[in-house]
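Structure assessment
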Amino acid sequence: MEILNIIYITLAACVALGFSYFQYYVKSKRSGNQRLILFILRVLSVFTLLFLLINPKIKSVVIEREKPDLVLALDNTESIAHLHQENNLKEIASFFNEDEEINERFNVQNIYFGSEISTQDSANFGAKQTDIFKVLDDIKSSFKKNQNATILISDGNQTLGRDFQYFNASKNQKIFPIIIGDTTKFPDLSIAKLNVNRYAFLDNKFPVEIFINYSGSKNVASRFLISKGGNTVFSKELNFSAENRSVRLEANLQAVQLGPQTYSAAILPMEDEKNTINNKNDFAVDVIDERTSVLILSSIAHPDLGMLKKSIEANKQRNVTIKYANENNINFNEYQLVIFYQPNNNFNEWFEAVNAVNLNYVVITGTQTNWNAIHKSIPYLSKNTSNEKQDFYAAINPNFNQFQFEDIGFSDFPPLQATFGDLKINTDFDALLYQKIEGVNIEEPLLMMVKNNDRSSVYLFGENIWRWRTKVFIDHQSFEKFDNFIGALVQNLSSKKKKERLTIDYKSFYYSNEIVKFNAQFFDENYQFDPNANLQIELENDHRNTDLNSRFLLRNNFYEVSFNTLQPGDYNFTVTEDDSEIKKSGKFSVISFNVEEQFSSANFSKLNSLALKNDSQVYFPNQLQDLKKQLLKDSHFSIIIEESTKSRPIIDWYVLLFVLIGLLAGEWFYRKYKGLI
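What to know about a nonpolar patch on the surface
A contiguous nonpolar patch, built from I3, L4, I6, I7, Y8 and L11 and spanning about 580 Å² of accessible area, is present on the exposed surface. Assignment of secondary structure puts I7 in helix α1 (residues 3-27).

Considerations on the nonpolar core
Counting residues in hydrophobic clusters, the biggest one holds 40 residues, and the most contacted among them are L432 and W468. When residues of this core are assigned to their parent elements, the largest contribution, seven residues, is made by helix α11 (residues 480-494). Sequence-distant contacts of W468, that is, excluding residues within four places in its chain, are made with A394, F410, F413, P414, L416, L433, L446 and F482. Counting residues in hydrophobic clusters, the runner-up holds 33 residues, among them V208, I210, F234 and I267.

Details of the pattern of salt bridges
The full count for this structure, using the stated rule, is 15 salt bridges. When the shortest N-O distance is used, the salt bridge between D163 and K606 registers 3.6 Å. Pair noted here: D163 is in the loop between β5 (148-154) and β6 (173-179) and K606 is in helix α12 (residues 604-613), with a separation of 443 residues, a long-range link.

Remarks on the packing of aromatic side chains
Going through the model one piece at a time under the given rule, you end up with 33 aromatic pairs. Measuring from ring centre to ring centre gives 6.4 Å for Y380 and Y459, while their planes differ by 85°; the resulting arrangement is edge-to-face. Taken together, the residues Y380 in the loop between α9 (371-377) and β19 (381-396) and Y459 in strand β23 (residues 455-461) connect sequence positions 79 residues apart. On the accessibility criterion, Y380 (15% relative accessible area) is buried. When the centroid spacing of 5.2 Å and the interplanar angle of 40° are considered together, the rings of F413 and W468 count as tilted. Taken as a pair, F413 in the loop between β19 and β20 (416-425) and W468 in helix α10 (residues 466-476) lie far apart in primary sequence, 55 residues in all. Residue class for W468 comes out buried when judged on its relative accessible area of 1%. Every member of this aromatic cluster is reached through a ring pair, and the members are F340, F347, W350, F351, Y361, W371, Y380, Y459 and F461.

Analysis parameters
- Residues numbered from 1 in each chain as written.
- Predicted model: local features only at pLDDT ≥ 70, side-chain atom pairs only at ≥ 80, totals over all residues.
- Heavy atoms only, no water.
- Patch = residues over 30% accessible without salt bridge, like charges linked within 9 Å, V, L, I, M, F, W, Y side chains within 5 Å.
- Areas by Shrake-Rupley, 256 points an atom, 1.4 Å probe, with all protein chains shown as cover.
- Salt bridge = Lys/Arg side-chain N within 4 Å of Asp/Glu carboxyl O.
- Helix = DSSP H or I, 4+ residues; strand = E, 2+ residues; numbered from the N terminus.
- Core = buried A, V, L, I, M, F, W, Y, C linked by side-chain atoms within 4.5 Å.
- Buried < 20%, exposed > 50% of the residue type's maximum accessible area, 1.4 Å probe, protein only.
- Contact = heavy atoms within 4.5 Å.
- Phe/Tyr/Trp six-rings, centres within 6.5 Å; stacked < 30°, edge-to-face > 60°.

Written as structure tokens, this is what we have:
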């Protein structure tokens with residue numbers, strides 16, 4: 001305490017004594033014990049009041065003991081249950097949580113992990129994926145300011161994330177892996193990896209890539225099969241040895257049915273094989289029908305017609321039919337897109353027929369086009385033509401955003417030809433290419449797209465487009481770039497998507513280790529996103545007698561719901577918006593696959609590499625006492641004793657306020673009792 005405060009306190013004591021003495025011994029004529037009691041009460045109350053007004057600061061020494069952290073990273077995945085190590089893991093955790101010496105030295109914390117970390121109270125061994133690198137990195141970030149020891153209790157079988165054997169601990173962190181599970185390597189055949197595209201086209205073949213591993217020393221022979229509905233669709237005899245431990249296969253399967261198709265891949269097990277779960281892998285593909293039939297209607301014979309047919313049919317899913325003006329009985333319901341080439345008066349009924357079935361179309365004009373016929377069928381499009389011909393070069397519009405396409409060198413292409421005249425367009429349009437005449441870019445489209453309600457149409461104002469395809473071949477020795485551009489146009493026009501107030505985004509199949517997620521959007525009657533919709537989903541699986549209901553949650557500009565405990569099988573679902581009662585139904589499949597059951601033993605190699613990289617060693621469940629001794633003697637994990645001096649003003653001592661109130665109240669009651677008030 002400062003000298004000045006001591007002087008003030010001494011003066012306060014003198015003032016309290018002097019004031020009380022004057023009041024009760026000089027001014028007052030009372031005598032005896034009554035005067036003494038009142039004198040003492042008044043001295044104490046005045047001194048306490050003055051003491052609070054002086055408000056001296058009291059210094060105190062505080063000693064704090066900071067323990068290092070001992071983090072138990074406990075593997076909570078299904079592989080632990082598969083290897084029957086649940087009790088082993090729990091006993092190891094109990095040893096460190098209940099040991100008195102460990103708890104005296106460390107702050108023990110439990111972290112359970114799978115694909116994510118959790119601080120739950122106990123393990124349930126239900127996590128579908130293992131990401132060891134992530135848990136080590138999260139511990140590194142969370143405890144970077146304090147010394148900590150991380151005990152990794154795991155079988156070392158990782159199915160997700162970066163390879164943990166290369167993890168670098170921080171200078172404050174030491175990692176001690178404890179291996180649980182049998183590290184003995186048994187002879188084993190396994191499907192290590194299977195790659196397949198999620199989608200395939202109907203009547204096409206799709207590739208399946210399979211990697212098969214063998215662990216063992218003997219020469220073995222086996223057979224690999226792919227089956228569907230109990231029927232074998234692919235098989236191959238395989239041989240393995242100590243030198244030939246891995247085989248890559250590629251099977252090309254035929255897509256013969258629409259919708260999700262489930263297949264089963266299997267390598268026949270050896271007689272003495274211990275783990276046969278990893279010999280099988282189910283997979284699925286969604287077979288879709290993208291076949292597009294395109295009709296070209298022309299008034300003349302022209303090289304452009306053959307070029308368009310070849311270019312569009314470069315995609316094997318598309319078929320082109322060419323018909324001329326003198327043909328009749330055309331069934332437009334057989335086609336997804338119509339191309340009108342240089343229309344004349346005979347096209348009027350064809351335009352009417354296309355409008356009747358609501359088809360998208362392309363119009364290509366040229367030197368032999370009848371613009372009066374076009375204006376009659378397409379009122380917003382007209383041109384005052386002359387008999388003079390004009391060459392039009394192409395200039396790309398960089399702001400076009402209806403769909404993505406590559407600039408294949410349009411500015412260097414030969415010119416297209418058409419009649420000279422003033423083009424008038426009385427509707428909104430998006431230009432892909434502008435016209436360029438004699439090097440001058442004019443504000444008229446050469447290739448444009450028009451959208452009216454749910455229909456789209458494309459207009460090319462020039463003939464001899466075959467020259468463009470030829471120029472691309474000269475530049476690249478391939479027609480591919482040009483054909484891809486025409487293909488993008490055809491794809492955009494032939495895929496008509498009707499506006500719907502309720503849209504659902506989901507996959508046609510999921511694997512059992514995936515989260516089944518649905519995204520939805522709901523629009524009001526003006527097709528504006530409605531953030532106040534009440535969407536719910538109902539799942540049904542008759543085979544498993546499953547009936548689940550859940551509500552969608554709003555996430556920015558869409559709704560989301562997810563399920564992470566669905567059993568393998570086929571499911572039907574219905575999404576309903578409660579207020580409008582708008583519904584949408586569908587179905588999906590959950591394919592059986594448990595990546596955590598693909599392991600037959602613990603991975604000693606990677607856990608040992610992790611320990612060596614971080615100047616540590618691996619331990620086994622029977623070496624817990626050794627690990628305990630190592631932790632207790634390691635100087636990195638000493639308890640840090642911090643001594644600090646704290647100054648606290650006396651005004652913060654609320655007890656003195658209550659003492660002052662008590663003294664004043666005591667004096668008042670005493671006076672009242674003696675009849676002095």
